[in-house]
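One letter stands for each residue in the lines below.
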Amino acid sequence: FETIYYYSELINKILRRICKNRSCIVGLMIPRSVWQVYCILGTLKSGNVYVPINVSLPQNRIEYILNHSEAQLLLIDKKIYEKLTIFSNFEIISSLNNNIWILQRKNSAFISEMELSQLAYIIYTSGTTGVPKGVAIRKESLYNLQSAFKRKIGCRENETIVSLADYSFDMFIPEGILSLSYGMTVILSDTKDIINPRKIIKTLMEYCPEYIQITPSALRLIYFVEKDFECFRSLK
């Protein structure tokens, strides 16, 4: 928790200095790692709006999301930045460490509308039926979810939850963010492990978590491998 606090507070201070108490839309392009958690918490602390972008999306899809959301800032992994060629409208202005850079859109105007200050994040749909649609989530809704999730599920300090959802999906919020506010431990599964039922089973058997969120399709894959669901013994 000390490390999470340190890095999220560092990001908070840097973003506040850059945005100068104005509301910013901050794109996140971070591979699956604890840095996703740091960047989300730091952006929320700073009072800005984050837009999580799956780094495996095609370049044209990433470029569309950045332009459509009008993201003024971008927290991006160095390797991702060097791999893609769609950041001509951005310039590097700072870094969090040797691997995470902060980019700012050239000639961008910071928005100071009250409505933007009420938002927590913007999630983009998969776009399977056309172009992705941005869904804006208000801070009030996030606070309501935080309260309801703990009350309904009964999460407690020192319990453990497995996080399988990508950070560009809403499910990552209760798994990887809200659970920390309850004092829980988060097991952040590797990207490749998320789609591998044997890896999920191994994680469950190794860490014996109390909670997991899982889709019916993933549950079906686990059933094909372990029909008695022995790996779920620890779950509440």
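Each remark here, short or long, concerns the structure printed above.
A.B. asks: Lay out unusual backbone geometry with the relevant residues and their values.
C.D. replies: One non-glycine residue, E70, lies in the positive phi region at around 60 degrees. Position of E70 among the secondary structure elements: in the loop between α3 (59-69) and β3 (73-77). With a phi close to 50 degrees, C208 is a non-glycine residue in the positive phi region. Overall, the relative accessible area of 44% leaves C208 in the partly exposed class.

A.B. asks: So what's going on with helix α9 (residues 197-207)? Residues and values would help.
C.D. replies: Residues P197, I200, I201, T203 and L204 constitute the buried set of α9. One side of α9 holds all its buried residues, which, seen down the axis, span an arc of 160 degrees. Turned more than 90 degrees away from the buried face of α9, the exposed residues are R198, K202 and E206. Buried residues along α9 sit against β8 (160-163), β9 (185-188), α8 (191-194), β10 (211-212) and α10 (216-225). Where α9 begins, the capping side chain belongs to N196, and its oxygen is found 3.0 Å from the backbone nitrogen of R198. With its phi angle positive at about 50 degrees, C208 sits one or two positions after the end of α9.

A.B. asks: Can you tell me about the environment of P31, naming the residues and giving the values?
C.D. replies: Note on placement: P31 falls in the loop between β1 (25-29) and α2 (34-45). Linking P31 and D190, residues 159 residues apart in sequence, is a C-alpha distance of 10.0 Å. With residues near it in sequence (within four places) discarded, P31 still touches Q36, V55, D77 and I80.

A.B. asks: Before we move on, can you summarise the sheet that holds β8 with the specific residues and values?
C.D. replies: The strand order β9-β8-β10 describes an open sheet built from three strands, whose pairing is parallel. Strands at the two margins of the open sheet, each flanked by one partner only, are β9 and β10. Taken together, the four bridges between β8 and β9 define a ladder with parallel strand orientation. Its bridge partner being in β9, V162 is matched across the sheet by I187. Seen against the sheet, helix α7 (residues 172-181) touches β8 and β9 and runs at an angle of roughly 145 degrees to β8.

A.B. asks: Provide a residue-level description of the pattern of salt bridges, including the pertinent values.
C.D. replies: Following the criterion strictly, the structure yields three salt bridges and no others. Where R233 meets E230, a salt bridge forms, and the shortest distance between an N and an O atom there is 3.0 Å.

A.B. asks: Before we move on, can you summarise the packing of aromatic side chains with the specific residues and values?
C.D. replies: Per the counting criterion, the structure on display carries 10 aromatic pairs. Both rings, one in Y223 and one in F229, keep their centres 5.9 Å apart while their planes meet at 35 degrees; by these two values the pair is tilted. Classification of Y223 as partly exposed rests on a relative accessible area of 34%. What makes F229 partly exposed here is its relative accessible area of 25%. A network of ring pairs unites the aromatic residues Y6, Y7, W35 and Y38 as a single cluster. K227 extends its terminal NZ or CZ atom over the ring of Y223, reaching a point 5.1 Å from the ring centre.

A.B. asks: I'd like a description of a nonpolar patch on the surface, backed by residues and values.
C.D. replies: Residues L221, Y223, F224 and V225 make up a contiguous nonpolar surface patch of about 360 Å² in total accessible area. Note that V225 resides in helix α10. Overall, the relative accessible area of 34% leaves V225 in the partly exposed class.

A.B. asks: Give me the state of the cysteines: which residues, what numbers.
C.D. replies: By the definition in use, this model includes one disulfide. The residue that forms a disulfide with C19 is C24, at a sulfur-sulfur distance of 2.0 Å. Across the S-S bond linking C19 and C24, the dihedral sits near -140 degrees, which makes this disulfide left-handed. With respect to class, C19 is no different from C24; both count as buried. In this structure C231 is not part of a disulfide, and its nearest cysteine sulfur, from C208, lies 10 Å away.

Conventions we followed
Residues numbered from 1 in each chain as written. Predicted model: local features only at pLDDT ≥ 70, side-chain atom pairs only at ≥ 80, totals over all residues. Heavy atoms only, no water. Helix = DSSP H or I, 4+ residues; strand = E, 2+ residues; numbered from the N terminus. Buried < 20%, exposed > 50% of the residue type's maximum accessible area, 1.4 Å probe, protein only. Arc of directions from axis to C-beta. Contact = heavy atoms within 4.5 Å. Polar contact = N/O pair within 3.5 Å; in protein donor to acceptor, adjacent residues only side chain to side chain. Pairing = 2+ DSSP bridges. Axes fitted to C-alpha atoms, helices over the stretch in contact; angles between N-to-C directions. Salt bridge = Lys/Arg side-chain N within 4 Å of Asp/Glu carboxyl O. Phe/Tyr/Trp six-rings, centres within 6.5 Å; stacked < 30°, edge-to-face > 60°. Lys NZ or Arg CZ within 6 Å of the ring centre and 35° of its normal. Patch = residues over 30% accessible without salt bridge, like charges linked within 9 Å, V, L, I, M, F, W, Y side chains within 5 Å. Areas by Shrake-Rupley, 256 points an atom, 1.4 Å probe, with all protein chains shown as cover. Disulfide = S-S within 2.5 Å.

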